[in-house]
Amino acid sequence: MRWGTAAVVAAAAVGTGAVVLVIGRRASERMVRPVTAVREAGPVVVRSLGAGRVTFTRGPESLRPGRWAVEWGDNGHAVVEDVLHSDEQGVTRRLVRADQGTLTPGTEVRFTPRVHLGDPTRALGLAHTDTSVDGELGALPAWHLDGKRGTWVILVHGPETDRQQTLPVLPVLDRFGLPVLAVTYRGDEGAPASPDGYSHFGETEWRDVEAAVRLALDNGASRVILYGWSVGATMVLQTAARSAWAHAISGLILDSPVLDLPATARRDAERLGFRGAAAELGVLAARGRTGVDLADFSRIAEGTDLRVPTLLLHSPDDRVSPFGSAERLAAARPDVVNLQIFPGADHATLWNTTPDHYTELLRRWLTPLL
């Protein structure tokens, strides 16, 4: 549906004036002002524990394949994987570790994708340096991991999360000897706020990614690979299309990229409980509040400016970014885009669903670029 058509439909269904304005702002609020928060599902109750295993009440969350954190209380944190047994009485999974708090029968837990906590040294034992990128709005905190190669990897997390989202891929990058910058951008905790306080879906934030590219090149990088999640992947595409240093970019990795902004805004409004015309008002409000150039956004999302090998990781079951947009990008640019599909995974949790497969795909794709 076109933005203008949506306005007519929404206004007719909901009304005009202040009511329309209030509904639109509420429906778009989380999209334009993302708040860092761990995506969680639950609650699930611990039924029993044994040696290297834990049994939960049965439900979609406890049956999820792959590797997940379970969290409880203020700081309880454990990691589980592999469903060992499932019946009507419960779901038994392998307990990888319980690293914070005490897990006991009767504990109510939440399943989250945050398997690793802290910085690279605390979480993985990988030496790193806390540094900053000199962005146009000020200093942007970053983690730097050293490596022996001339190609650097710049990691860009998605909204409603932080740099911890990048931690699962650091071991494979470290094995390749690749220097890494895990960066922040305007609006992140510890980074300067956007002047208007809004997220612009990569349309302004890409300049912070470009600043990280400049830092890498100034510190010995000959080439860079950009790697992003969700809207972070959208920022990566914007950088590759617009940056004066795009010639130094040798590859892109896009995990669950947001490529269809109206559809994603509509889904986000629906997740907040807005339906039909109210959701369309949220879509319109998101555009109006941020001033995003939809024509330019669409051109970049369709791969018009792609010039380098691109690994596109997506799920048909993504509830935020429609899978069809990834299929269209792959079909439009088969010369550079390698689409890898993760059935059953939700938005930006592809690694959690099949961590070994995800890591092997990275290894195979990176090898010829190095």
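Starting from 1, residues in each chain are numbered consecutively following that chain's sequence as written. This being a predicted model, a pLDDT of at least 70 is required before a residue's local features are given, and a value of 80 or more before pairs of side-chain atoms are given or counted; all residues contribute to the totals for chains, interfaces and linings. Hydrogen atoms and water are omitted, and side-chain values are computed over all heavy atoms in the structure.

## Section: the nonpolar core
Phase 1 of the analysis: Within the largest apolar cluster, 42 residues are counted, with the highest numbers of intra-cluster contacts made by Ile-154, Val-156, Val-183, Val-224, Leu-226, Ile-249 and Leu-252.
Phase 2 of the analysis: Here this core gets 7 residues from one element, more than from any other, and that element is helix H6 (residues 231-242).
Phase 3 of the analysis: Contacts are residue-level and defined by heavy atoms, with any inter-residue pair within 4.5 Å sufficient. Setting aside residues no more than four positions away along its own chain, Ile-154 makes contact with Leu-181, Val-183, Ala-212, Val-213, Ala-216, Val-224, Ile-225, Leu-226 and Tyr-227. The definition of a nonpolar core used throughout is a set of buried Ala, Val, Leu, Ile, Met, Phe, Trp, Tyr and Cys residues joined through side-chain atoms within 4.5 Å. Remark: exposure states derive from per-residue accessible area (1.4 Å probe, protein chains only) relative to the maximum for the residue type, with buried under 20%, exposed over 50%, and partly exposed in between. Here a strand is any run of E in DSSP of at least two residues, a helix any run of H or I of at least four, and the numbering for each starts at the N terminus.

## Topic: helix H12 (residues 355-366)
Phase 1 of the analysis: Each helix should span, by expectation, one fewer than its residue count multiplied by 1.5 Å. The end-to-end C-alpha separation of H12 is 17 Å, in line with the 16 Å expected for 12 residues at 1.5 Å each.
Phase 2 of the analysis: The elements touched by buried residues of H12 are helix H4 (170-175), strand E11 (223-229), strand E12 (249-255), strand E13 (310-314), strand E14 (337-341) and helix H11 (350-353).

## Brief notes about the side chain of Thr-55
Phase 1 of the analysis: Topologically, Thr-55 is positioned in strand E2 (residues 53-56).
Phase 2 of the analysis: In this structure Thr-55 touches Val-45, Val-46, Arg-47, Ser-48, Gly-90, Val-91 and Thr-92, once residues within four positions along its chain are discounted.

## Some points on the sheet that holds strand E9 (residues 151-156)
Phase 1 of the analysis: Taken in spatial order, the 8 strands of this open sheet run E7-E8-E10-E9-E11-E12-E13-E14, and their pairing is mixed. Unpaired on one side and paired on the other, strand E7 (129-135) and E14 mark the two borders of the sheet. Across the sheet, the mean angle from the axis of one strand to that of its neighbour is 20 degrees, orientation sign disregarded.
Phase 2 of the analysis: One requirement defines pairing of two strands: DSSP has to find at least two bridges between them. Looking at chain direction, E13 and E14 are connected through 5 bridges and run parallel. Note on E14: the bridge partner recorded for Leu-312 is Leu-339. Axis lines are fitted through C-alpha atoms, for helices just across the contact stretch, and the angle between N-to-C directions can take any value from 0 to 180 degrees.

## Digging into the pairing of strand E10 (residues 180-183)
Phase 1 of the analysis: The alternating pattern of E10 places Val-180 and Ala-182 on one face and Leu-181 and Val-183 on the opposite face, and all of these are buried.
Phase 2 of the analysis: Note: strand E8 (residues 138-145) against E10, 4 bridges, orientation antiparallel. In the strand pairing of E10, Ala-142 is matched with Val-183.
Phase 3 of the analysis: The sheet contact formed by E9 and E10 spans 4 bridges and is parallel. Bridge assignment links Ile-154 to a residue of E10, and that residue is Leu-181.
Phase 4 of the analysis: Handedness of the crossover is the feature at issue here: the chain leaves E9, passes through H4, returns alongside E10, and the resulting connection is right-handed. The path from the first strand over the helix to the second decides the hand: if it runs clockwise while the strands point away from the viewer, the crossover is right-handed.

## Focus: unusual backbone geometry
Phase 1 of the analysis: In this model, Asp-82 sits at a positive phi of 45 degrees, which is unusual for a non-glycine residue.
Phase 2 of the analysis: Looking at the secondary structure, you find Asp-82 in strand E4 (residues 76-87).
Phase 3 of the analysis: Backbone geometry places Ser-230, a non-glycine residue, at a positive phi of 55 degrees.
Phase 4 of the analysis: As for its position among the elements, Ser-230 is in the loop between E11 and H6.

## Brief notes about the pairing of E11
Phase 1 of the analysis: Most of E11 sits inside the fold, with 6 of its 7 residues counted as buried.
Phase 2 of the analysis: Here 6 bridges tie E9 to E11, and the two strands are oriented parallel to one another. Bridging across to E11, Trp-152 finds its partner in Val-224.
Phase 3 of the analysis: By the bridge criterion, 6 bridges tie E11 to E12 in an arrangement that is parallel. By the bridge assignment for E12, Ile-225 is matched with Gly-251.
Phase 4 of the analysis: The β-α-β motif built from E11, the intervening H6 and the parallel element E12 has right-handed crossover chirality.

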